[in-house]
Amino acid sequence: YGSPGTNARVAGALRVLTPVVTLLAVTGVCLGLALPVPRIPAPYNAFLLVICAAGIVATVRWGRDRLNNYLVGAHGEETVGRTLALLPQAFRVYHGVPTGLASDLDHAVCGPSGLWVIETTSRRGLVSVRGQEILVDGEPMPFSPVGKVRRAAEELREAEKNGIEIEVLDLDHD
């Protein structure tokens, strides 16, 4: 149920396009002040136009990089979704499950063995685990996907229905 990666694509596009559209609107206002009948002194027109052009270039570069990050994340969710599609029919797979938190659950799998929440994070580098911490190339990740899953599990516990028992499995296997 749902489509893996859709929420990441939509959220990414909105988060990138909002500042770009805002900057374009501000640029339009600035151009309206400068052209064709200047409402500000001529020496300031060129300065204003250079500032607007620099702002557009910087915002487009920033937006391109940020959108690429969202698309890489969406691709990771799609890859996991294709793998989950191979599960036996006894399992139900849900993608992009809204939680009421700042973001959604990438994947939730309900089956005979219980309910599993899967958080997809796409990173390049050597991934390892130290206790409860996920490391990429020996460095802690800037945010904790484990923490996100735990918060979601707590929310699921509060919404527990029909006798489904929800257990959070820790990374620490000791």
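See the structure shown above.
Below, the structure is looked at part by part. For every chain, the first residue of the written sequence is number 1, and numbering continues from 1 along that sequence. Totals for whole chains, interfaces and linings use all residues, but because this is a predicted model, local features are given only for residues with pLDDT of at least 70 and pairs of side-chain atoms are given and counted only at 80 or more. Based on all heavy atoms of the structure, the side-chain values leave hydrogens and waters out of the count.

1. Notes on the sheet that holds strand β5 (residues 133-136)
Where we set the bar: Two strands make a pair as long as DSSP finds a minimum of two bridges between them. By the criteria applied, helices consist of DSSP H or I runs no shorter than four residues and strands consist of E runs no shorter than two, each listed in order from the N terminus.
In space, the three strands of this open sheet follow the order β4-β5-β6, with antiparallel pairing throughout. Two strands close off the open sheet at either side, each with one partner strand: β4 (127-130) and β6 (139-140). Where β5 meets β6, two bridges bridge the pair, whose relative direction is antiparallel. Each bridged residue has a counterpart across the sheet, and for Val136 the counterpart in β6 is Glu139.

2. Brief notes about the side chain of Thr120
Let me state the cut-off plainly: Working definition: with a 1.4 Å probe on protein chains only, accessible area under 20% of the residue-type maximum means buried, over 50% means exposed, and in between means partly exposed. Should any heavy atoms of two residues lie within 4.5 Å, those residues are considered in contact.
Turning to its location among the elements, Thr120 is positioned in the loop between β3 (114-118) and β4. You can call Thr120 buried: its relative accessible area is 15%. If sequence neighbours within four positions are ignored, Thr120 has contacts with Gly76, Glu77, Val80, Asp106 and His107.

3. Let's talk about the side chain of Thr59
Where we set the bar: Pairs of N or O atoms are called polar contacts if they sit within 3.5 Å, as long as, within protein, a hydrogen donor faces a hydrogen acceptor (for residues adjacent in sequence, only side-chain-to-side-chain pairs).
Mapped onto the elements, Thr59 comes out in helix α2 (residues 42-84). Taking relative accessible area as the criterion, Thr59 reaches 16% and is therefore assigned buried. Among the polar contacts listed, one links the side chain of Thr59 to the backbone oxygen of Gly55, at a separation of 2.8 Å. Excluding residues that lie within four positions of it along the chain, Thr59 makes contacts with Pro19, Val20 and Leu23.

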